[in-house]
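The chain contents come next:
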Amino acid sequence: MCYRFKQNCAVCHSLGKNKVTGPGLEGVFSRVPSDDWMAKWIKNNKALIKSGDAYAVKILKESNGADMTVFEDLTDP
């Protein structure tokens, strides 16, 4: 498992289908609009929601308004 995932994501997400605090991430790249969208979501999901991005707003509604951590300090690999 990737160090970044362990350090930043594993507390809330599984790599399978199991929901922890957040949804399981199995197949996530087949569900999101694009890899670029996913990077934006991970780095600052709140900004993406605030921008009115339809998919981001949908995820917020599905999560009943649960907050996801913002990771603006993450750099691209």
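As a reminder, the structure under discussion sits directly above these lines.
Because the structure is a prediction, the values reported are computed rather than measured. For every chain, the first residue of the written sequence is number 1, and numbering continues from 1 along that sequence. The predicted nature of this model means local features are confined to residues of pLDDT at least 70 and side-chain atom pairs, given and counted, to a pLDDT of 80 or more, with totals for whole chains, interfaces and linings taken over all residues. Heavy atoms throughout the structure, all of them, feed into the side-chain values; hydrogens and water do not.

**Student:** What is the right way to read the overall build of the chain from this model?
**Tutor:** Segments assigned H or I by DSSP are reported as helices when at least four residues long, segments assigned E as strands when at least two residues long, and all are numbered from the N terminus. Scanning the chain for helices and strands turns up four helices and zero strands. Counting helices and strands in the order they occur from the N terminus, the chain gives α-α-α-α. Referenced to the eigenvectors of the C-alpha coordinate spread, the extents of the chain come out at roughly 35 × 25 × 20 Å. Think of it in three bands: with a 1.4 Å probe and only protein chains considered, a residue is buried below 20% of the maximum accessible area for its type, exposed above 50%, and partly exposed in between. By residue count, 23% of the 77 residues in the chain fall in the buried class.

**Student:** How do you make sense of unusual backbone geometry when you look at a structure like this?
**Tutor:** Note: most peptide bonds trans; most residues except glycine with negative phi. Backbone geometry places Asn64, a non-glycine residue, at a positive phi of 55°. Looking at the element boundaries, Asn64 is found in the segment after α4 (54–62).

**Student:** Quick question: what am I supposed to make of the side chain of His13 here?
**Tutor:** Inspection of the secondary structure assignment puts His13 in the loop between α1 (3–8) and α2 (28–31). By the criterion applied in these results, polar contacts are pairs of N or O atoms within 3.5 Å in which, for protein atoms, one can donate a hydrogen and the other can accept it, and in which residues neighboring in sequence qualify only through two side-chain atoms. Polar side-chain contacts of His13 include one of 2.8 Å to the backbone oxygen of Pro23. Pairs of residues are marked as contacts when any of their non-hydrogen atoms sit within 4.5 Å. Not counting the four nearest positions on each side in its chain, His13 is found in contact with Phe5, Val20, Gly22, Pro23, Leu25 and Met68.

**Student:** So what exactly am I meant to see when it comes to the nonpolar core here?
**Tutor:** Across soluble globular proteins, nonpolar side chains have a tendency to be buried as a group. The criterion is simple. A nonpolar core is a set of buried Ala, Val, Leu, Ile, Met, Phe, Trp, Tyr and Cys residues joined through side-chain atoms within 4.5 Å. Counting eight residues, the largest nonpolar core consists of Val28, Val32, Trp37, Met38, Trp41, Leu48, Ile49 and Ala56. In terms of residue count, helix α3 (residues 35–50) provides more of this core than any other element does, five residues in total. Beyond its immediate stretch of four places on either side in the chain, Trp37 contacts Val32, Leu48, Asp53, Tyr55, Ala56 and Ile59.

**Student:** Sorry, what's going on with the side chain of Asn45 here?
**Tutor:** Relative to the assigned elements, Asn45 resides in helix α3. Ignoring any residue separated from it by four or fewer positions in sequence, one finds Asn45 in contact with Lys40, Met68, Thr69 and Val70.

**Student:** Looking at this structure, how should I read the environment of Thr75?
**Tutor:** Topologically, Thr75 is positioned in the segment after α4. Exposure remark for Thr75: the relative accessible area of 52% places this residue in the exposed category. Taking the C-alpha atoms as reference points, Thr75 and Trp37, 38 residues apart in sequence, are found 15 Å from one another.

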